[in-house]
Amino acid sequence: MKIQTTRRALLGAALATPALLAGTARAQSNWPSQPITLVIPFAPGGPTDAVGRMLAEAMSRDLGVNVVAQNVGGAGGTIGVNRVAQARPDGYTILLHNIGMSTAPTLYRRLPYNPLTAFETLGLVTATPMVWLTRPDFPAANFGEMLRLIREGGERINLGNAGLGSASQLCGTLLQASLGTRFTAVSFAGSGPIYPELMASRLDIYCDQTTSAIPFIQSNQIKAMAVTTPEPLPALPGVSTAIQGGLPGFEVAIWHGLYAPAGTPKPVQDRLNAALRFALADARVVERMTGLGSPPEPVERQNGEVHRAHLAAEIERWRPILQAAGQFAD
Ligand code: MLT
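All of the points below concern the structure found in this document. (Residues numbered from 1 in each chain as written. Predicted model: local features only at pLDDT ≥ 70, side-chain atom pairs only at ≥ 80, totals over all residues. Heavy atoms only, no water.)

Side note on the packing of aromatic side chains
Geometrically, a pair of aromatic rings is defined through the distance of the ring centres and the angle of the planes. This is how it is decided: Between rings of Phe, Tyr and Trp, where Trp is taken as its six-membered ring, a pair exists when centres lie within 6.5 Å; planes separated by under 30 degrees are stacked, by over 60 edge-to-face, and by other angles tilted. Note on classification: 1.4 Å probe, protein chains only; a residue is buried when its accessible area is under 20% of the maximum for its type, exposed when over 50%, partly exposed between these limits.
Applying the stated criterion across every chain yields a total of 5 aromatic pairs. For the ring pair tyrosine 113 and phenylalanine 119, a centre distance of 6.0 Å and an interplane angle of 85° mean the geometry is edge-to-face. The residues tyrosine 113 and phenylalanine 119 share a single accessibility class, namely buried. Aromatic side chains tyrosine 195 and phenylalanine 216 sit 4.1 Å apart centroid to centroid with 10° between the ring planes, which places their arrangement in the stacked category.

Here's what the structure looks like:
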């Protein structure tokens, strides 16, 4: 019986194969035929959300279906990332994530996904500068004074972050390593929920990406102390660099990439990459991103292979730095 079953099963599969392939080809040629979910692994109102919603709107126009931004926050972004790692590889669930894709493998000893095998890389999006911020009444007039108060205050200073593995947490880790000082870190599901705490002076300092920080700085609801770029930013006139403020070599830019679950058909990956490139060439997107200090990546980096090589290199780059910092999660 077993042998008969096997023969029948094999015959059925052989007969179905052309139809199956034709069906798959038809599905891919009709792709997309339903809305696409773009998972943003942080709460609404943060930098990842800001970039993600700009991408979703422009990609919708190119693809002819709604690209719907879905915020899935928590655990430094790893909860949302894992949601996409587990999704059907049909192109209808994709992910926008930042540098945290490359730091999580070192920070989380039991990370439920391997970034290099659980995802297809669809292209790099942008590299966003960061800016050191304080509550509006923090008694520092500049970055140098902020550093002095942190050294003196130690763990009495409260720093917000978006969880272990987030860009904001990485920036704080780098400052602690530079100063040899530990402050108290308070984690949230993203930058969005942090700003009300900072503006109400329930947090002292925060390091965030310019894509969400600039509107709050421009409305004088928080104070900008220094940017993490080698040179001052045109988008933040009058704000010095951390290097000028007394921290030689303190530079960090938060790269972002677009991902699909591993096994997503190559024609679908190519179509998603085309929609990404359309979005990053869209005049309104370019103007908005540039105005927030974070222009799109050059076209040659909006490429899946370049993205994959960058991800692999970043995992290795950050591993020794984070191991030395000694902050891990089981
Ligand atoms: C966000 O809300 O997008 C997070 O703050 C980003 C991050 O810190 O990684």
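What about the site of the ligand?
Test applied: If even one non-hydrogen atom of a residue comes within 4 Å of a molecule or strand, that residue is called near it. Here a polar contact is recorded for every N or O atom pair within 3.5 Å, except that within protein the pair must consist of a potential hydrogen donor and a potential acceptor, and residues adjacent in sequence are included only if both atoms are side-chain atoms. Per-residue and other accessible areas were derived by the Shrake-Rupley procedure at a 1.4 Å probe size, with only the shown protein chains allowed to occlude residues. Helix numbers and strand numbers start at the N terminus; a helix is a DSSP run of H or I with at least 4 residues, a strand a run of E with at least 2. Here the nonpolar group is Ala, Val, Leu, Ile, Met, Phe, Trp, Tyr, Cys and Pro; Asp, Glu, Lys and Arg are the charged ones; every other residue, Gly included, is treated as polar.
Every one of the 13 residues lining the ligand counts as a neighbour, but Thr48, Asn98, Ala167, Ser168 and Ser191 are closest to it. Here an oxygen atom of the ligand and a side-chain polar atom of asparagine 98 are 2.9 Å apart. In the model, an oxygen atom of the ligand is placed 2.5 Å from a nitrogen or oxygen of the serine 191 side chain. Burial of the ligand by the protein chains amounts to 100% of its free accessible area of 270 Å². Those elements giving two or more residues to the shell around the ligand turn out to be helix H2 (47-63), helix H6 (167-179) and strand E7 (205-209). Broken down by class, the residue content of the shell around the ligand amounts to 5 nonpolar, 8 polar and no charged.

Notes on the pairing of strand E4 (residues 119-134)
Each regular strand displays side chains that alternate between the two surfaces of the sheet. Counted only if it meets this: Paired strands, in this sense, are two strands between which DSSP finds at least two bridges.
Judged by how many residues are buried, E4 sits mostly within the fold: 15 of 16 residues are covered. Inspection of the sheet shows E4 paired to strand E9 (residues 253-261) by 9 bridges, in the antiparallel sense. Bridging across to E9, alanine 127 finds its partner in tryptophan 255. Bridge count for E4 against E7 is 5 bridges, and the pairing is antiparallel. Bridging from a neighbouring strand, valine 131 pairs with aspartate 208 of E7.

Details of the nonpolar core
Here is the rule: Residues belong to a common nonpolar core when they are buried Ala, Val, Leu, Ile, Met, Phe, Trp, Tyr or Cys residues joined through side-chain atoms within 4.5 Å. Where each domain starts and ends comes from a domain assignment, either automatic or drawn from a database. Only heavy atoms matter for contacts: two residues are in contact if any of them lie within 4.5 Å across the pair.
Grouped together as the largest cluster of nonpolar side chains are 51 residues, with contacts concentrated most on Phe119, Trp132, Phe143, Met146, Leu175 and Ile205. Examining the composition of this core, we find that 6 residues originate from one element, H6, more than from any other. Built from parts of two domains, this core gets at least three residues from each of domain 1 (36-127 + 253-325) and domain 2 (129-227). If we ignore the near neighbours within four places in the chain, the residues touching leucine 175 are Trp132, Met146, Leu147, Ile150, Phe183, Leu247 and Phe250. Core analysis: the second largest hydrophobic core is formed by 45 residues, Leu198, Ala213, Leu236 and Leu276 among them.

Considering the side chain of threonine 121
Assignment of secondary structure puts threonine 121 in strand E4. Of the residues examined, threonine 121 reaches a relative accessible area of 7% and is grouped as buried. Within polar-contact distance, the side chain of threonine 121 engages the backbone oxygen of glycine 304 at 2.7 Å. Once you skip the residues sitting within four places of it in the chain, threonine 121 turns out to touch Leu258, Tyr259, Gly304, His307, Arg308 and Leu311.

Remarks on the side chain of threonine 241
On the secondary structure map, threonine 241 appears in the loop between strand E8 (223-227) and E9. Looking at threonine 241, the relative accessible area reads 0%, which means it is buried. In this structure, threonine 241 is in contact with Ala226, Val227, Thr229, Pro230, Glu231 and Pro232, ignoring residues within four places of it in sequence.

Regarding the packing of H2 against helix H9 (residues 266-281)
Selection criterion: Every axis corresponds to a line fitted to the C-alpha atoms, with the helix fit spanning only the stretch in contact, and the corresponding angles, defined between N-to-C directions, vary from 0 to 180 degrees. Roughly parallel refers to an angle under 35 degrees, roughly antiparallel to one over 145, roughly perpendicular to one between 65 and 115, and oblique to any angle outside these ranges. The handedness criterion is simple: a crossing whose near helix is rotated anticlockwise from the far helix by less than a right angle is left-handed, and one whose near helix is rotated clockwise is right-handed.
One can describe the packing of H2 onto H9 by two numbers: an axis separation of 8 Å at closest approach and a directional angle of 120°. What the angle tells us is that H2 and H9 run oblique. Every pair of crossing elements has a handedness; the one defined by H2 and H9 is right-handed. Touching Leu55, Ala58, Met59, Arg61, Asp62 and Leu63 of H2 are Arg271, Leu272, Ala274, Ala275, Leu276, Phe278, Ala279 and Leu280, all from H9. Of the residues contributing to the contact of H2 with H9, the split by class is 11 nonpolar, no polar and 3 charged.

Quick look at the pattern of salt bridges
Put simply, the rule reads: Each reported salt bridge corresponds to a side-chain nitrogen of Lys or Arg within 4 Å of a carboxyl oxygen of Asp or Glu.
By the definition in use, this model includes 13 salt bridges. Of the charged contacts in the structure, one is a salt bridge between glutamate 314 and arginine 317, with a shortest N-O distance of 3.0 Å. Separated by 3 residues within a single helix, glutamate 314 and arginine 317 lie in helix H11 (residues 304-325), roughly one turn from each other. A residue is classified by how much of its surface remains accessible, and glutamate 314, at 6% relative accessible area, is buried. Salt bridges sharing partners connect three or more residues here, namely Glu57, Arg61 and Asp282.

As for H6
Inclusion rule: A helix is expected to reach a length of 1.5 Å times the quantity of its residues less one.
For H6, which comprises 13 residues, the first-to-last C-alpha distance of 18 Å matches the rise-based estimate of 18 Å (1.5 Å per residue) to within 8%. Judged by how many residues are buried, H6 sits mostly within the fold: 11 of 13 residues are covered. Considered for burial, the residues of H6 that qualify are Ala167, Ser168, Gln169, Leu170, Cys171, Gly172, Thr173, Leu174, Leu175, Gln176 and Leu179. Two residues or fewer after H6 comes glycine 180, characterised by a positive phi angle close to 70°.

So, helix H4 (residues 100-107)
Counted residue by residue, H4 has 7 buried out of 8 residues, so it is predominantly covered. Three or more residues of H4 are buried, namely Gly100, Met101, Ser102, Thr103, Ala104, Thr106 and Leu107. On its buried side, H4 packs onto helix H3 (78-85), strand E3 (93-97), E4, H6, E9 and H11.

Nothing here speaks to function; it is geometry throughout.
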